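The residues making up each chain are set out below.
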2 protein chains.
Amino acid sequence: MKCSCDDLVPRDSPVSSACVKDLTIFDGVDDDDFERFRGIGVRRVFRHGETLFVQGGPIGEIFVIKAGRIRLSKVLEDGTEITLDFRKPGDLVGEEAFSRPGNYPLTAWAMEETMTCGFRVSDFNRLILDNPDLGLKLIGNMSQRILSLNSRLENAASGNLEDRVFRILSAIASEHGRKTSKGYSITFPLTHEELSYLVGAHRVSITRALKRLRSTGKVIKEDNRFILPGDWTAE
Amino acid sequence: MKCSCDDLVPRDSPVSSACVKDLTIFDGVDDDDFERFRGIGVRRVFRHGETLFVQGGPIGEIFVIKAGRIRLSKVLEDGTEITLDFRKPGDLVGEEAFSRPGNYPLTAWAMEETMTCGFRVSDFNRLILDNPDLGLKLIGNMSQRILSLNSRLENAASGNLEDRVFRILSAIASEHGRKTSKGYSITFPLTHEELSYLVGAHRVSITRALKRLRSTGKVIKEDNRFILPGDWTAE
DNA sequence: TCCCCATTGTAGCCGGTGCTACAGAGTCGC
DNA sequence: GCGACTCTGTAGCACCGGCTACAATGGGGA
């Protein structure tokens, strides 16, 4: 089946043109339904640094990530920024629309060139009603998100900064990493500042912690990516 | 419709005998399907302090809370205990079963007399397939759980302990509180120790923080429940 | 090539929390 | 009423990590 998404992707884009339909969450969705779905979905490409929606804006679309990587972050009242989650192809973004009207409580950033299909809640609801299978897939996906948030909470609660940084890198690697000859490598760069948003610590303290982690060989940095050496198994 | 749950609840129990079917997540579920569902669901009452399942045990049932209150907690490698979430009637417990086989990563405690219906994943899946509406409700419910976990993360990341304690009390009150003449009151008692599991801090530090919160009138304790005074609105 | 800006690295001070220890207060059962 | 237990409150010390300030490094654009 020719995918109309192809037309959207710029020639020189690193974004794969795999169709949304190929995402695992759409397995089993009926072809006719999918055609209809495709008709109502708004396909878009976001470049690095662009936002899908911003904190405080009116809740609108639900996005399915087709390719790329999204960072969800929030600015708190006191001005602190915090990174809540990273999302990858096959994940939803903006699922808050399922539970309430109002405004987005967070901002979704494209971390790299990212392709999405956006849907109105009502349309998405309809598709789920017509394809209960899809509902089940989403439930599975969201249950994973909950597990991953649980880990984040655990992590925040316990131990010293060095351990916390290490564990968060492990968690990210398990979801967004690739096995290499040297160990698990995180597929996107992370600055000390971004890590500080992730663990809720001061940037300088992150630098200190990373210095120790690197001197003990628990973390390597190469080609601007973090690598966790060893025959390290996910969670 | 006579609810077979009635037979299960002890005479002197404070647990309401409202039927599972009356829970909002089952709105719109077809009567016949529900009959079938009821046949396969295992109804149980847990007394205060009993566990629905324990961390490390094999993943089995998914529970729907009919009445009562559940605390989800986890013991970390270093021995620290952390409270991940509270769940109330209408919520699921054990939804990790939707995303993976294996072992429960946490323990579910009954905080008071609690009535549940437990289902095997395969049965629950079937019900969802037959009642896409139910799937949609679950998606909404899980999306709320994600939002609430996001708030927990926010909270953990920012500010001093006093603020963190205050914010977590606010969050709990908004989900598990009742409006009274003095303000929002949390419907179950919380010891300083439990609060320390919630915010990931030392028990003694919690006592210190609460002392300040009470002296400034931001928090009241009465009848062993915390009350947040003022015309305080959720979130 | 050179400059600019983002990122990383180092140092020093100090405040908030962790931790231990122990003393009051409250609650339950006998 | 008494003992046992749990929970709350107070004190003091130690130390991690927040914070400021500034230097070094490195990559990208004009």
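A brief report on the enclosed structure follows. None of the values given here were measured: they were computed from a predicted structure. Residue numbers run consecutively from 1 along every chain, following the written order of its sequence. Whichever chain is written first becomes A and whichever ligand is written first becomes 1, with later ones labelled in order. In keeping with the model being predicted, local features are shown solely for residues with a pLDDT of at least 70 and side-chain atom pairs are shown and tallied solely at 80 or more, while totals for entire chains, interfaces and linings include all residues.

## Comments concerning the overall build of chain A
Summing up its helical and strand segments, chain A has 6 helices and 12 strands in all. Relative to its 235 residues, chain A shows a buried fraction of 42%. Summarising the internal contacts of chain A: among those between residues at least 6 apart in sequence, 72% fall at separations of at least 24. Counting from the N terminus, the helices are the DSSP runs of H or I reaching at least four residues and the strands are the DSSP runs of E reaching at least two. Any residue with 12 or fewer other C-beta atoms within 10 Å of its own C-beta is exposed, any with 20 or more is buried, and the rest are partly exposed; the C-beta atoms used are placed from the backbone. Residues are scored as being in contact if the C-beta atoms we place from backbone atoms lie within 7 Å.

## Observations concerning the relation of the copies chain A and chain B
Under the fitted operation, chain A is carried onto chain B by 0.0 Å of movement along the axis and a turn of 180°, and the coordinates agree to an RMSD of 0.0 Å. Each copy turns onto its partner about a two-fold axis. Proximity to the rotation axis, assessed at the C-alpha, singles out A:Pro132 in chain A; its C-alpha lies 2.5 Å from the axis. Copy-to-copy alignment: least squares on C-alpha atoms, limited to residues at pLDDT 70 or above in both.

## Describing the nonpolar core
Note on definitions: a nonpolar core is a set of buried residues drawn from Ala, Val, Leu, Ile, Met, Phe, Trp, Tyr and Cys, linked by C-beta atoms within 7 Å. Ranked by size, the top nonpolar core spans 115 residues in total, and within it A:Leu153, A:Val165, B:Ile70, B:Leu153 and B:Val165 carry the most contacts. Sequence-distant contacts of A:Val165, that is, excluding residues within four places in its chain, are made with A:Leu195, A:Val199, A:Ile206, A:Ala209, A:Leu210 and A:Leu213.

## Overview of the packing of helix H3 (residues 132-157) of chain A against helix H4 (residues 161-176) of chain A
All names here are of chain A. Between N-to-C directions, angles cover 0 to 180 degrees, with each direction set by a line fitted to C-alpha atoms, over the stretch in contact for helices. Their axes nearest at 10 Å, the elements H3 and H4 cross at an angle of 165°. With respect to H4, the axis of H3 lies roughly antiparallel. Pair H3 / H4 crosses with right-handed handedness. Contacts between H3 and H4 involve Ser148, Ser151 and Asn155 from the former and Arg164, Arg167, Ile168, Ala171 and Glu175 from the latter. Residues are grouped as follows: Ala, Val, Leu, Ile, Met, Phe, Trp, Tyr, Cys and Pro are nonpolar; Asp, Glu, Lys and Arg are charged; every other residue, Gly included, is polar. In terms of residue class, the contact of H3 with H4 is made up of 2 nonpolar, 3 polar and 3 charged. Throughout this description, any angle smaller than 35 degrees is read as roughly parallel, any larger than 145 degrees as roughly antiparallel, any in the 65 to 115 degree range as roughly perpendicular, and the remainder as oblique. Crossings are assigned a handedness: left-handed for a near helix turned anticlockwise from the far helix by less than a right angle, right-handed for a clockwise turn.

## Quick look at the pairing of strand E7 (residues 107-110) of chain B
Any two strands with at least two DSSP-identified bridges between them are counted as paired. Sheet topology places strand E2 (residues 51-53) of chain B next to E7(B); 2 bridges connect them, and they run antiparallel. Its bridge partner lying in E7(B), B:Thr51 is registered against B:Trp109.

## Some remarks on the protein's contact with DNA strand C
Close to DNA strand C lie 13 residues, the nearest being A:Thr191, A:His192, B:Asn160, B:His202 and B:Ser205. Mapped by element, the contributors of at least two residues to the surface near DNA strand C are helix H5 (192-199) and helix H6 (203-215) of chain A together with helix H6 (203-215) of chain B. Residue contributions to the surface near DNA strand C peak at 4 residues, all from H6(A). Of the residues contributing to the surface near DNA strand C, the split by class is 5 nonpolar, 6 polar and 2 charged. Only the C-beta atom, placed from the backbone, is used; a residue is near a molecule or strand if that atom lies within 6 Å of it.

## Re the interface of chain A and chain B
Taken together, the 37 residues of chain A in the interface contact 37 residues of chain B. Broken down by secondary-structure element, the contributors of at least two residues to the side of chain A that touches chain B are strand E5 (81-87), helix H2 (121-130) and H3 of chain A. Partitioning the side of chain A that touches chain B into residue classes produces 18 nonpolar, 11 polar and 8 charged.

## A short note on the sheet that holds strand E4 (residues 70-75) of chain B
On the basis of which strands lie adjacent, the open sheet formed by 4 strands has the order E2-E7-E4-E5 (chain B) and antiparallel pairing. The open sheet is flanked by E2 and strand E5 (81-87) of chain B, the only strands paired with a single partner. Looking at each pair of strands side by side, their axes are set apart by 30° on average, direction ignored. Contacts from H3(A) reach E4 and E5 of chain B, with the element oriented near 140° to E5(B).

## What about the sheet that holds strand E10 (residues 183-186) of chain A?
Residues and elements named next belong to chain A. An order of E9-E10-E12-E11 is seen for the 4 strands of this open sheet, with the pairing classed as antiparallel. Of all strands in the sheet, those with a lone pairing partner are strand E9 (177-180) and strand E11 (220-222), marking the two edges. Across the sheet, the mean angle separating the axes of adjacent strands is 30° when strand polarity is ignored. Relative to E10, E9 runs antiparallel, the two sharing 4 bridges. The residue bridging threonine 180 from the neighbouring strand is glycine 183, located in E10.

## Notes on the packing of H5(A) against H6(A)
All names here are of chain A. Running from N to C, H5 and H6 cross one another at 100°; their axes reach a closest spacing of 8 Å. It follows from the interaxial angle that H5 and H6 lie roughly perpendicular. Residue-level contacts link His192, Glu193, Leu195 and Ser196 of H5 to Arg203, Ile206, Thr207 and Leu210 of H6. Counted by class, the contact of H5 with H6 contains 3 nonpolar, 3 polar and 2 charged residues.

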